[in-house]
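Listed here are the chains, written in short residue letters.
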Amino acid sequence: MTIQQIQEEIVDEFSMFDDWMQRYEYIIELGKSLPLINEEYKTEENIIKGCQSKVWVQGEEKEGNIVFTADSDAILTKGIIAILIRVFSNQTPQDILDANTDFIDEIGLKEHLSPTRANGLVSMIKKIKMYALAFQAKQ
C-alpha cells in the first residue's frame, strides 16, 4: 500500500468513532501492536527530542525501503508512534520525504493533544523524515 492509501485507511478507521474517548482508546490499542524496538536501539541517538515521554525510533533499510521500529514509556505516545510507523514503515526514502501528514489534522489528532504531546508528534515525524534523508543520501 502507498502512504496515501494507508493514511486514508486510518482516517476511515477514526471516522467510525463518535467521540475522542473512543479514539484515545483506539490509539492505545494501536500502541499494543507496535513492532517494538530492540533494547540495543534504546539509545540517546534514537530518542525523540521534544517529547514529554520517552520515545525511541529506529529505522533500517531493507530492499530499498525503510523499516521502522519504536517504543515509548507512555501508552498514548506508543499509540501515536504506532500510527506513524504504520504509515511510513516499508516505504522508500523518497516516498517518505514526499509524503504529507494532512491525515493527522483530518483525524483531529493534533488538536486533541496537549501542547507538549503535539510538539512530540511533530518531532516524531521529523525523526522519521531524517531517517529517510539519511538513507536516501546513502543510495
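Residues numbered from 1 in each chain as written. Predicted model: local features only at pLDDT ≥ 70, side-chain atom pairs only at ≥ 80, totals over all residues. Heavy atoms only, no water.

Participant: Please explain the side chain of Gln91 as it appears in this structure.
Facilitator: Mapped onto the elements of the fold, Gln91 is located in the loop between α3 (75-88) and α4 (93-98). A polar atom in the side chain of Gln91 sits 3.1 Å from the backbone oxygen of Met1. Excluding anything up to four places from it in sequence, Gln91 contacts Met1, Thr2, Ile3, Ile6, Asn65, Ile66 and Ile96. (Helix = DSSP H or I, 4+ residues; strand = E, 2+ residues; numbered from the N terminus. Polar contact = N/O pair within 3.5 Å; in protein donor to acceptor, adjacent residues only side chain to side chain. Contact = heavy atoms within 4.5 Å.)

Participant: Before we go on, may I ask you to explain the nonpolar core in this structure?
Facilitator: Here is a general trend for soluble globular proteins: nonpolar side chains tend to be buried in one another's company. Val57, Phe68, Ile81, Leu84, Phe88 and Leu109 are the most contacted members of the largest nonpolar core, which has 40 residues in total. Elements represented by at least two residues in this core include exactly α1 (3-15), α2 (20-32), β1 (55-62), β2 (65-72), α3, α5 (102-106) and α6 (115-138). Here the element with the most residues in this core is α3; it accounts for nine residues. With residues near it in sequence (within four places) discarded, Phe68 still touches Pro35, Val57, Gln58, Gly59, Ile85, Phe88, Ser89, Ile96, Ile128 and Tyr131. (Core = buried A, V, L, I, M, F, W, Y, C linked by side-chain atoms within 4.5 Å. Buried < 20%, exposed > 50% of the residue type's maximum accessible area, 1.4 Å probe, protein only.)

Participant: How should I be thinking about the packing of aromatic side chains in this particular structure?
Facilitator: Pairs of aromatic rings are described using the distance from one ring centre to the other and the angle between the two planes. Following the criterion strictly, the structure yields five aromatic pairs and no others. Pairing Phe14 with Tyr26 gives two aromatic rings, centres 5.5 Å apart and planes at 75°, and the pair type is edge-to-face. In this pair, Phe14 sits in helix α1 while Tyr26 sits in helix α2, placing the two residues 12 residues apart along the sequence. Classification of Phe14 by relative accessible area gives buried; the value is 1%. Ring centres of Tyr131 and Phe135 lie 6.2 Å apart, and the angle between their planes is 15°; this geometry places the pair in the stacked category. (Phe/Tyr/Trp six-rings, centres within 6.5 Å; stacked < 30°, edge-to-face > 60°.)

Participant: What is the right way to look at the pattern of salt bridges in this model?
Facilitator: For the structure on display, the rule yields eight salt bridges. Put simply, Glu13 and Arg86 hold a salt bridge, and the shortest N to O gap is 2.6 Å. Of this pair, Glu13 sits in helix α1 while Arg86 sits in helix α3, and the two are 73 residues apart along the sequence. One salt bridge in this structure joins Lys32 and Glu29, with 3.2 Å as the shortest N-O distance. (Salt bridge = Lys/Arg side-chain N within 4 Å of Asp/Glu carboxyl O.)

Participant: Would you mind going over the pairing of β2 with me for this structure?
Facilitator: Side chains on a regular strand alternate between the two faces of the sheet. Extensive coverage of β2 is indicated by the burial of seven of its eight residues. Pairing of β1 with β2 involves eight bridges; the strand directions are antiparallel. Its bridge partner being in β2, Gln58 is matched across the sheet by Thr69. Between β1 and β2, which follow one another and run antiparallel, lie two residues, and Glu63 among them has a positive phi close to 55°. (Pairing = 2+ DSSP bridges.)

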